[in-house]
Amino acid sequence: METLLAIIGGALFAAGIYMVLRRNLIKAVIGIILISNAVNVLFFNLGRLTKANPPLIWEGNTLPVSPFANPLPQALVLTAIVIGFGLLAFALVLAYRSYKELGTVDLDDMKMDPVEVSAEMRAEEEQVNQ
Amino acid sequence: MKSLILHTATRLLMALLLIFSLFLFFRGHDEPGGGFIGGLFGAGAITLYALAFGAEKAQQTIRISPLTMIAWGFVALIISGILPMIVNEPFLTGQWLFLDFADTEVKLSSPLIFDIGVYLCVVGFILAVIFSLEEE
Amino acid sequence: MLIALLSIFIVGLIAPGLYSVLREKTGWVLAILPFSVFIYFLTLFPAIADGEVITQSTDWVPLFDVTLSFYLDGLSMLFALLVTGIGTFIVLYGSGYLAGHEYIGRFFCTILLFMGSMLGVVLADNLITLFVFWELTSFTSYLLIGFSHDSAESRNSALQALLVTGIGGLALLAGLILMGYTAGTFEMSEILNSGDVLRESPLYLGILILILAGAFTKSAQFPFHFWLPGAMAAPTPVSAYLHSATMVKAGVYLLARVHPAMGDTDLWFYLVTGFGAATLLISAWLALCYTDMKQILAYTTVMVLATLTMLIGMGFPLAHQAAAVYILGHALYKASLFMVAGAIDHEAGTRDIAKLGGLRSLMPISAVAAALAALSMAGIAPFFGFIGKELLYEAALEAPMWSTLLISIAVLGNIAVVAAAGIVAIKPFYGPKVETPKHAHEAPLSMWIGPITLASLGVVFGSLPFLIDSSLIVPTASAIYGETLDFYLSLWHGINLPLILSVVTLLGGIAVYKIWTGLQSSTPAGLYSTTFHDGPKGGYQFLVDGMLSTAGWQTRVLQNGMLRYYVLTIVVTMAVAIGYTFMSRAGFAWNNELGSVELYEWTLFATIIASALIAVMVRSRLAIIVALGVIGFGLALIYLMYGAPDLAMTQVLVETLTVILVALVLVHMPPLKKSEAAGSKFRDAVIALTLGGIFTAMTLTAMTLPFDLFISEQFAEWSYPAAHGRNIVNVILVDFRALDTMGEVVVVAVAGLAVYALVKMNKKQSKNGGAES
């Protein structure tokens with residue numbers, strides 16, 4: 001199963017990279033979700049798979065029943081999942097906000113001429129100063 | 001969302017889900033569960049309510065605002081960190097207090113306070129996101 | 001010494017504040033400071049005259065062998081006296097010259113900071129400390145040259161000086177560090193004793209070139225000479241200070257300082273003397289190509305610096321004697337001449353020789369000061385310059401190599417100096433009166449006291465050389481040479497070859513002076529100045545422009561504003577770097593355990609892969625959400641099967657919330673449209689598949705390596721006894737690795753705040769009616 005999981009990781013990673021390279025902002029955000037899933041799988045896989053027992057200690061014992069699954073990557077991945085979700089939420093809202101502001105989800109259309117931008121910023125500054 | 005079934009079901013389920021979220025949370029130290037999972041579950045329950053009745057109503061029902069919740073979460077995290085420093089141990093060292101009630105033993109500890117902080121932050125975070133977007 | 005140095009820096013920093021209290025008196029009050037430091041050094045004078053060396057040391061950065069250590073011998077003493085003595089007059093002069101100027105407070109501040117830095121350079125013992133002060137002089141001189149910051153010319157000159165000396169400074173830093181490591185110590189006083197180690201080291205050539213690069217840029221040697229005349233855009237007090245006694249002499253000081261350790265080789269002679277002679281020859285002519293008094297003076301300064309470089313390069317006692325005399329003589333007459341030029345500019349409104357004349361009766365004191373200084377500069381007996389010039393000729397005649405060449409260059413150079421001295425001292429003051437832009441009158445006391453004092457000292461030292469020879473010049477020459485020398489200075493050496501050459505020089509100089517007006521406007525002169533002044537300057541300009549346009553081009557290419565090209569660059573770099581390293585260092589390996597895979601696992605595998613494909617291929621937003629959901633729940637199942645119930649629960653919950661969130665957002669967003677060319681899709685697909693392949697290959701290879709479960713087993717063992725928890729994953733999260741978790745929770749919480757702010761911020765804006773959406 002390690003082999004299959006490694007292929008799953010690679011496939012999710014490839015899909016994520018492909019999506020991140022798209023012009024559409026929404027697709028890029030979806031790419032981020034896929035990449036973070038791929039990395040979680042990588043971690044989980046590298047901690048070695050054990051089908052036997054979860055890393056829990058039964059009542060009355062002081063040690064888990066061997067063989068048990070490796071708890072360390074689980075702890076790492078658990079927080080990574082939640083953080084990945086945080087990142088996703090932020091990216092989604094950012095995408096949404098930029099769509100509202102700029103009226104497009106096409107990353108190329110969002111690009112502004114730096115000269116124009118600085119002119120605009122200067123005008124804004126002057127407005128503030130007045 | 002205007003759906004009679006959803007409304008009715010949510011009213012009934014909400015309390016149950018929240019209690020289950022607390023259950024997941026408290027058993028976390030010994031069984032699968034804990035601050036992250038309990039928090040996600042609790043936030044899910046309130047999200048369901050927000051979807052059914054709107055963010056404003058959900059906000060009124062839980063009273064406390066998500067940002068305040070995050071703030072209290074930080075407070076809990078910091079308390080659990082500082083507690084051991086009072087007895088001259090490094091930041092975040094676990095402190096334990098065992099209480100015996102007849103035949104059930106209750107464990108109070110600074111990791112529990114820490115986990116409460118995690119729970120509050122996770123719930124606060126998700127609600128902040130869902131409420132802001134739902135209002136749009 | 002540290003206190004003297006620090007007091008200058010501190011007073012410098014509060015000088016603008018002082019000015020707002022003391023107004024016109026500031027110059028006189030502030031001048032007390034350099035003057036008292038001057039007196040302080042005078043009190044140390046007897047000890048130095050006896051050949052003693054004073055050292056003081058305070059720890060600065062002990063870890064890197066950097067100490068604030070100071071070293072005072074004859075050479076340092078000479079420079080310290082010049083820096084503080086002339087500095088005193090400059091502060092006074094500046095207060096008169098810039099009286100009423102808007103930024104006079106700033107002037108006092110930077111000139112004092114500069115004075116402190118310069119003093120630091122000549123006193124520093126530690127190489128790193130030396131370098132720090134060295135760079136401080138570059139930096140403060142940048143501020144001083146660019147003092148009139150509203151003029152573009154001034155800004156350009158300042159930048160030019162900063163870039164040239166700054167790049168030289170970097171070379172110097174490298175040279176000093178190499179020197180320190182080769183010699184095994186960073187204290188100059190100790191390095192001076194380990195000259196043999198340095199000279200025999202294979203790094204000798206490198207160290208020498210790097211240090212010379214630092215010294216030559218600072219002291220304006222060819223081909224870096226162009227920045228000094230450019231720096232004449234500075235207010236005159238600055239030019240008088242920086243370009244007579246201090247800043248430009250720092251390079252000469254450095255050469256003199258390292259000579260005992262680095263000199264005494266053929267290479268040293270070729271490089272140092274060679275560059276000095278070349279610069280002397282080039283600048284001699286250039287000095288005669290201009291009519292601006294300050295430009296002429298600037299080029300004569302370059303000439304003197306070249307002479308000094310040449311003398312230090314020769315590396316035998318007589319040459320170093322001449323160098324010591326020259327340093328002092330030049331500082332005295334050049335500072336006065338600069339100050340006089342400034343006074344003329346200030347009072348008459350121009351400093352163009354062609355527009356000046358007959359000022360003698362209007363500015364008598366300045367005229368006297370100029371005449372005294374110019375006589376010393378021309379090297380006429382009994383002025384101090386005469387002694388210097390005689391010694392120069394003697395040294396050139398006795399040079400170990402090239403002596404005919406060197407003496408010819410020295411004579412030619414001095415002919416130009418004599419002519420230049422005549423031009424700046426005679427033309428403006430004598431002859432028919434010329435109408436000047438301003439009605440000229442004598443400058444105020446603060447502006448003539450400096451020139452007249454310094455110029456008179458030239459006569460005093462010239463006629464009574466015993467005043468300073470054994471006490472100052474001998475220790476200085478000894479420090480340059482590296483061994484104690486014993487000699488005395490005298491005006492009259494009898495009728496010998498140097499004296500005859502002096503007469504030739506004088507006559508030649510007068511001849512050049514006579515024909516100067518015609519010479520100056522002739523074609524060869526113009527051509528010459530184009531070649532040797534504008535040439536290097538053009539080279540510098542070409543480099544600067546080239547750098548700017550390269551930077552612009554590179555920014556346009558790299559910072560093109562297209563997010564996906566940024567990502568593409570990162571991703572391709574990653575694929576190449578990781579892929580190459582992986583294949584070349586490790587190579588692919590694989591544990592084939594596919595035989596043990598169950599049917600339901602194959603099914604799960606196929607489902608997830610298919611969903612990933614769907615997510616990539618389809619355009620329906622709903623389908624993408626569903627595909628994401630299937631992937632997430634599929635992974636949750638895998639986590640569950642392999643003993644991770646906590647992970648599975650988290651994944652399921654997060655996946656549920658993700659679907660809700662994505663759905664909430666996508667409702668408000670436009671549908672996905674087909675917008676991209678097949679070509680770029682194909683390219684991206686290839687890149688993505690390559691990276692995915694590397695990902696899988698590396699995972700598989702990593703799995704074949706031995707695995708250490710030590711940490712995990714420790715956690716499992718401690719979980720119940722130490723942390724009273726039976727869920728090991730949770731115990732790791734809230735107890736063993738609680739600090740990590742804390743950080744992660746903070747990240748999540750901040751993401752929440754950011755989302756909230758992003759959404760609410762706009763609401764407030766539109767309420768205020770200011771939003772454009």
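Cut-offs used in this document
- Residues numbered from 1 in each chain as written.
- Chains lettered and ligands numbered in written order.
- Predicted model: local features only at pLDDT ≥ 70, side-chain atom pairs only at ≥ 80, totals over all residues.
- Heavy atoms only, no water.
- Helix = DSSP H or I, 4+ residues; strand = E, 2+ residues; numbered from the N terminus.
- Rg over C-alpha atoms; globule rule 2.2 N^0.38 Å.
- Buried < 20%, exposed > 50% of the residue type's maximum accessible area, 1.4 Å probe, protein only.
- Contact = heavy atoms within 4.5 Å.
- Areas by Shrake-Rupley, 256 points an atom, 1.4 Å probe, with all protein chains shown as cover.
- Lys, Arg positive; Asp, Glu negative; His and termini not counted.
- Charge placed at Lys NZ, Arg CZ, Asp CG, Glu CD.
- Core = buried A, V, L, I, M, F, W, Y, C linked by side-chain atoms within 4.5 Å.
- Buried area = accessible area lost by both parts, 1.4 Å probe.
- Salt bridge = Lys/Arg side-chain N within 4 Å of Asp/Glu carboxyl O.
- Polar contact = N/O pair within 3.5 Å; in protein donor to acceptor, adjacent residues only side chain to side chain.
- Domains from an automatic or database assignment.
- Expected span 1.5 Å × (residues − 1).
- pLDDT = per-residue confidence, 0-100.
- Axes fitted to C-alpha atoms, helices over the stretch in contact; angles between N-to-C directions.
- Left-handed = near helix turned anticlockwise from the far one by under 90°.
- Nonpolar A, V, L, I, M, F, W, Y, C, P; charged D, E, K, R; others polar.
- Patch = residues over 30% accessible without salt bridge, like charges linked within 9 Å, V, L, I, M, F, W, Y side chains within 5 Å.
- Pairing = 2+ DSSP bridges.
- Phe/Tyr/Trp six-rings, centres within 6.5 Å; stacked < 30°, edge-to-face > 60°.

### So, the overall build of chain C
- On a plain count of helices and strands, chain C comes out with 30 helices and two strands.
- What you see for chain C is a C-alpha radius of gyration of 37 Å, clearly larger than the 28 Å of a compact globule of 773 residues, by over 25%.
- Projected onto its principal axes, the C-alpha positions of chain C cover 115 × 65 × 55 Å.
- Residue burial in chain C is summarised as follows: out of 773 residues, 57% are buried.

### Description of the overall build of chain A
- Within chain A, the regular secondary structure consists of five helices and zero strands.
- Listed N to C, the secondary structure of chain A is α-α-α-α-α in terms of helices and strands.
- In terms of overall size, chain A is more extended than a compact globule, its C-alpha atoms giving a radius of gyration of 23 Å where 130 residues would be expected to give roughly 14 Å.
- Dimensions of chain A along its principal axes, counting C-alpha atoms only, are 75 × 35 × 20 Å.
- Put simply, chain A has 130 residues, and 58% of those count as buried.
- In chain A, of all internal contacts separated by at least 6 residues, the share reaching a separation of at least 24 is 51%.
- A total accessible area of about 5,300 Å² is found for chain A, and carbon and sulfur atoms account for 60% of it.
- A gap of 11 Å separates the mean positions of the 9 positive and 12 negative side-chain charges of chain A.

### Remarks on the nonpolar core
- Membership of the largest hydrophobic core comes to 213 residues, with the highest contact counts inside it found for Phe41(C), Leu112(C), Leu119(C), Met179(C), Trp227(C), Met262(C) and Met314(C).
- If one sorts the elements of this core by residue count, helix 15 (residues 317-348) of chain C sits on top with 21 residues.
- When near neighbours in sequence (up to four residues on either side) are disregarded, Phe41(C) contacts Met1(C), Leu72(C), Met77(C), Ala80(C), Leu81(C), Leu119(C) and Leu123(C).
- Ranked by size, the runner-up nonpolar core spans 112 residues in total, among them Ala43(B), Leu92(B), Leu653(C) and Ala738(C).

### Things to note about the interface of chain A and chain B
- With nine residues of chain A at the contact, the number on the chain B side is 10 residues.
- For the chain A and chain B pair, buried surface summed over both sides reaches about 850 Å², with 84% attributable to carbon and sulfur atoms.
- Here chain A and chain B share zero salt bridges between them.
- For the pair chain A and chain B, the number of links is zero residue pairs in polar contact (both at pLDDT 80 or more).

### Thoughts on the interface of chain A and chain C
- Between chain A and chain C, the contact holds 82 residues from the first and 96 residues from the second.
- Considering only the side of chain A, the residues that lose the most area to chain C are Met1(A), Leu21(A) and Lys51(A), jointly responsible for 8% of the buried surface there.
- Counting every contact that joins chain A to chain C gives three salt bridges.
- Notably, a salt bridge pairs Lys51(A) with Glu601(C), separated by 3.0 Å at the nearest N-O pair.
- Inspection of the region where chain A meets chain C yields 15 residue pairs in polar contact (both at pLDDT 80 or more).

### Concerning the domain arrangement of chain C
- Each domain of chain C was delimited in the assignment, giving domain 1 (263-521) and domain 2 (709-773).
- Just the C-alpha atoms count here: the centres of domain 1 of chain C and domain 2 of chain C sit 75 Å apart.

### Comments concerning helix 9 (residues 204-218) of chain C
Residues and elements named next belong to chain C.
- With 15 residues, helix 9 should cover 21 Å at 1.5 Å per step; its first-to-last C-alpha distance of 21 Å lies within 8% of that length.
- Three or more residues of helix 9 are buried, namely Tyr 204, Ile 207, Leu 208, Ile 211, Leu 212, Gly 214, Ala 215, Phe 216, Thr 217 and Lys 218.
- Two residues or fewer past helix 9, Ala 220 is found with a positive phi of approximately 55 degrees.

### Things to note about the confidence of the model for chain A
- Per-residue confidence for chain A gives a mean pLDDT of 85; residues scoring 70 or more make up 94%.
- Helix 1 (residues 2-20) of chain A holds the highest mean pLDDT among the elements of chain A, 93, whereas helix 5 (residues 114-129) of chain A holds the lowest, 71.

### Description of the packing of helix 6 (residues 152-183) of chain C against helix 9 of chain C
Residue and element names in this part refer to chain C.
- The interhelical angle for the contact between helix 6 and helix 9, taken along N-to-C directions, is 145 degrees, at an axis separation of 7 Å. Between helix 6 and helix 9 lies a crossing of left-handed hand. Taking contact as the criterion, the partners of Val 164, Thr 165, Gly 168, Ala 171, Leu 172, Ala 174, Gly 175, Leu 176, Leu 178, Met 179 and Thr 182 in helix 6 are, on helix 9, Ile 207, Leu 210, Ile 211, Ala 213, Gly 214, Thr 217 and Lys 218.
- Tallied by class, the residues present in the contact of helix 6 with helix 9 amount to 11 nonpolar, six polar and one charged.

### A closer look at helix 5 (residues 110-135) of chain B
- Here helix 5 of chain B is 26 residues long and its end C-alpha atoms lie 37 Å apart, about the 38 Å a rise of 1.5 Å per residue gives.
- Within helix 5 of chain B, 20 of the 26 residues are buried, which leaves it mostly tucked inside the rest of the structure.

### Thoughts on a negative patch on the surface
Residue and element names in this part refer to chain A.
- Together, Glu 116, Glu 120, Glu 124, Glu 125 and Glu 126 make up a negatively charged patch on the protein surface.
- With respect to the helices, strands and loops of the structure, Glu 120 is situated in helix 5.
- Taking the relative accessible area as the measure of exposure, Glu 120 reaches 45% and is therefore partly exposed.

### Section: the pattern of salt bridges
- Counting across every chain of the model gives 13 salt bridges over all chains.
- Of the charged contacts, one joins Arg726(C) and Glu59(A) as a salt bridge, the two residues approaching to 3.6 Å between their closest N and O atoms. Remark: Glu59(A) occurs in the loop between helix 2 (25-46) and helix 3 (71-102) and Arg726(C) occurs in the loop between helix 28 (710-723) and helix 29 (728-736); the pair is interchain, linking two chains.
- The salt bridge involving Asp345(C) is made with Arg351(C); its shortest N-O contact spans 3.2 Å.

### Description of the pairing of strand 1 (residues 54-61) of chain C
Residue and element names in this part refer to chain C.
- Pairing between strand 1 and strand 2 (residues 66-72): seven bridges, direction antiparallel. Counterpart to Thr 55 in the pairing with strand 2 is Tyr 71.
- Between strand 1 and strand 2, which pair antiparallel and follow one another directly, the connecting turn spans four residues, one of which, Asp 65, has a positive phi of 65 degrees.

### Comments concerning the environment of Val731(C)
- Mapped onto the fold, Val731(C) is located in helix 29.
- C-alpha of Val731(C) to C-alpha of Val83(C): the two residues are 648 residues apart in sequence and 69 Å apart in space.
- Leave out the neighbours within four places in its chain, and Val731(C) touches His29(B), Ser719(C), Ala723(C), Gly725(C) and Phe736(C).

### Section: the packing of aromatic side chains
- Summed over all chains, the structure comprises 27 aromatic pairs over all chains.
- Between Tyr49(B) and Phe53(B) the ring centres are 4.7 Å apart and the planes differ by 40 degrees, which places this aromatic pair in the tilted class. Taken as a pair, Tyr49(B) and Phe53(B) lie in helix 2 (residues 35-53) at a separation of four residues, close to a single helical turn.
- Aromatic side chains Phe216(C) and Phe275(C) sit 5.2 Å apart centroid to centroid with 50 degrees between the ring planes, which places their arrangement in the tilted category.

### Examining the side chain of Thr699(C)
- Along the chain, Thr699(C) falls in helix 27 (residues 678-704).
- Setting aside residues no more than four positions away along its own chain, Thr699(C) makes contact with Ala6(A), Leu42(A), Asn45(A) and Leu46(A).

### Things to note about the environment of Phe36(B)
- Looking at the secondary structure, you find Phe36(B) in helix 2.
- On a C-alpha basis, the gap between Phe36(B) and Asp115(B) in space is 8.1 Å, while along the polypeptide they are 79 residues apart.
- Setting aside residues up to four positions removed in sequence, Phe36(B) forms contacts with Leu78(A), Thr79(A), Val82(A), Val118(B), Val122(B), Leu733(C), Thr741(C) and Val745(C).

### Regarding a nonpolar patch on the surface
- Taken together, the side chains of Ile64(B), Trp72(B), Val75(B), Ile78(B), Ile79(B), Ile82(B), Leu83(B), Met85(B), Ile86(B), Val87(B), Phe91(B) and Leu739(C) present a nonpolar region at the surface, about 1,100 Å² in accessible area.
- If you tally residues by element for the nonpolar patch, the top one is helix 4 (residues 66-86) of chain B, at eight residues.
- Along the polypeptide, Leu83(B) turns up in helix 4.
- For Leu83(B), a relative accessible area of 33% translates into the label partly exposed.

### Comments concerning unusual backbone geometry
- With an omega dihedral of -10 degrees, the bond running from Ser66(A) to Pro67(A) counts as a cis peptide bond.
- Considering the arrangement of structural elements, one finds Pro67(A) in the loop between helix 2 and helix 3.
- A positive phi angle, close to 65 degrees, is found at Asn88(B), a residue other than glycine.
- Classification of Asn88(B) by relative accessible area gives exposed; the value is 73%.

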